[in-house]
Amino acid sequence: GVNRAAAEGISGRASIPRGWSPRALEHAYRLPVQRRPDQTVAVSIAFHTPHLAQYLAVYRKYFGLPPCTVASGCFRQVNQRGKAAPLPFSGAGSGWDLEATLDVSMISVACPHCRILVVEANDDSDVNLAATENTAARLGAQVISNSYGGRENGFALEEARAYQHPGHTIVSSAGDDGFTAANFPADLASVTAVGGTQLARAHTRRGWREQVWNNAFLGAGGSGCSAYVRKPAWQHDRHCPMRTVADVSAVAADVPIYNKY
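We now turn to the structure provided with this report. (Residues numbered from 1 in each chain as written. Predicted model: local features only at pLDDT ≥ 70, side-chain atom pairs only at ≥ 80, totals over all residues. Heavy atoms only, no water.)

Before going further, it helps to spend a moment on the state of the cysteines. Per the stated rule, a full pass over the model turns up 3 disulfides. Here cysteine 111 connects covalently by a disulfide to cysteine 114, the sulfurs 2.0 Å from one another. Between cysteine 111 and cysteine 114, the disulfide has an S-S torsion of 70° and is therefore right-handed. By relative accessible area, which is 15% here, cysteine 111 ends up buried. Residue class for cysteine 114 comes out buried when judged on its relative accessible area of 1%. At a sulfur-sulfur separation of 2.0 Å, the disulfide partner of cysteine 225 is cysteine 240. Because the torsion about its S-S bond is 90°, the bridge between cysteine 225 and cysteine 240 counts as right-handed. Taken together, the residues cysteine 225 in strand β12 (residues 219-230) and cysteine 240 in the loop between β12 and β13 (242-245) connect sequence positions 15 residues apart. When the bonded cysteines of the chain are counted from the start of the sequence, the pairing works out to 1-2, 3-4, 5-6. (Disulfide = S-S within 2.5 Å. Buried < 20%, exposed > 50% of the residue type's maximum accessible area, 1.4 Å probe, protein only. Helix = DSSP H or I, 4+ residues; strand = E, 2+ residues; numbered from the N terminus.)

Next up, the structure:
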């Protein structure tokens, strides 16, 4: 309803989104938002999200973030080969468009002055998503974000090399199903596996408290013990002899984004 009101130019309470604003997240995580790094953050995603640049423009303008436009070169959408055309089939309404919207919005919060590169796979197969990873690294993205994952298996692990780019930070969703089989590509030692939390204000030195995201209707922060990937030397937990997921966690709920549909 808020998105519809905003799209129709309605002001007042009807168009005020609920959830944590960029300013709140900046405070909660002490984000260095004043930095102006010469850096590109890429989103690896399946299918094409029409109007993504416009959705991002609405979000950034509403919350007072600096513009990041196609015209300025700050924002780019390319196919899995790195070309501006042809782009994949539309993923609107599939869930992938919401993931893409969420990704570019949260990148904007964490690094308002970073460039954003969205690399869209032809479909959600492991092979084509892996292709977007290689393209993002080739096009100069220092950070590559992957808001997807699936139960690890031997077939998926054949694409592990695509997620090994020394000098690049690669992050991936740990999953939405609580403790279960580890997610690919979050299970890879070359990837930082990111779990989810629920954020709340608190009378503490930090001013905030967090607990694991766990919602009976929407899901729970992913975790798991890999059956395939050797345990990295820096992991010391005793209950998983192989790679443990997740590595870090941050807010995963009550975050407003703008997507007209």
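Picking up after the structure, the text goes on.
Here we take up the packing of aromatic side chains. Tallying each qualifying case throughout the model produces 7 aromatic pairs. Their ring planes at 75° and their centres at 5.1 Å tell us that tryptophan 20 and tryptophan 208 sit as a pair that is edge-to-face. Residue tryptophan 20 is located in the loop between α1 (2-7) and α2 (22-29), and its partner tryptophan 208 is located in strand β10 (residues 208-212); the two are separated by 188 residues in the primary sequence. For the residue pair tryptophan 20 and tryptophan 208, the accessibility class agrees, reading buried in each case. Considering the side-chain rings of phenylalanine 47 and tryptophan 96, the 6.5 Å spacing of their centres and the 70° angle between planes classify their relative orientation as edge-to-face. Of this pair, phenylalanine 47 sits in the loop between β1 (40-46) and α3 (52-62) while tryptophan 96 sits in helix α4 (residues 96-110), and the two are 49 residues apart along the sequence. Side by side, phenylalanine 47 and tryptophan 96 carry an identical accessibility label, which is buried. (Phe/Tyr/Trp six-rings, centres within 6.5 Å; stacked < 30°, edge-to-face > 60°.)

Here we come to the side chain of glutamate 159. Here glutamate 159 is to be found in the loop between α6 (154-157) and β6 (169-173). For glutamate 159, which is buried and forms no salt bridge, the nearest opposite charge comes from arginine 161, at a distance of 9.4 Å. Leaving out residues up to four positions away in the same chain, glutamate 159 has contacts with Asp126, Val127, Ala130 and Phe184. (Lys, Arg positive; Asp, Glu negative; His and termini not counted. Salt bridge = Lys/Arg side-chain N within 4 Å of Asp/Glu carboxyl O. Contact = heavy atoms within 4.5 Å.)

Here we take up α2. Taken as a whole, α2 has its buried residues at Pro22, Ala24, Leu25 and Ala28. With its buried residues spanning 160° around the axis, α2 presents them on a single face. Packed against the buried residues of α2 are α3, α4, β9 (192-201), β10 and β14 (248-251). Positioned one or two residues after α2, arginine 30 has a phi angle of 50°, which is positive. (Arc of directions from axis to C-beta.)

In this section: unusual backbone geometry. In this chain, alanine 85 is followed by proline 86 through a cis amide linkage whose omega measures -5°. Looking at where proline 86 falls in the secondary structure, it is placed in the loop between β2 (75-79) and α4. The omega angle of the peptide bond from phenylalanine 184 to proline 185 is 10°, so this bond is cis rather than trans. The topology assignment puts proline 185 in the loop between β8 (183-184) and β9. Unlike most non-glycine residues, arginine 30 shows phi in positive territory, near 50°. On the secondary structure map, arginine 30 appears in the loop between α2 and β1.

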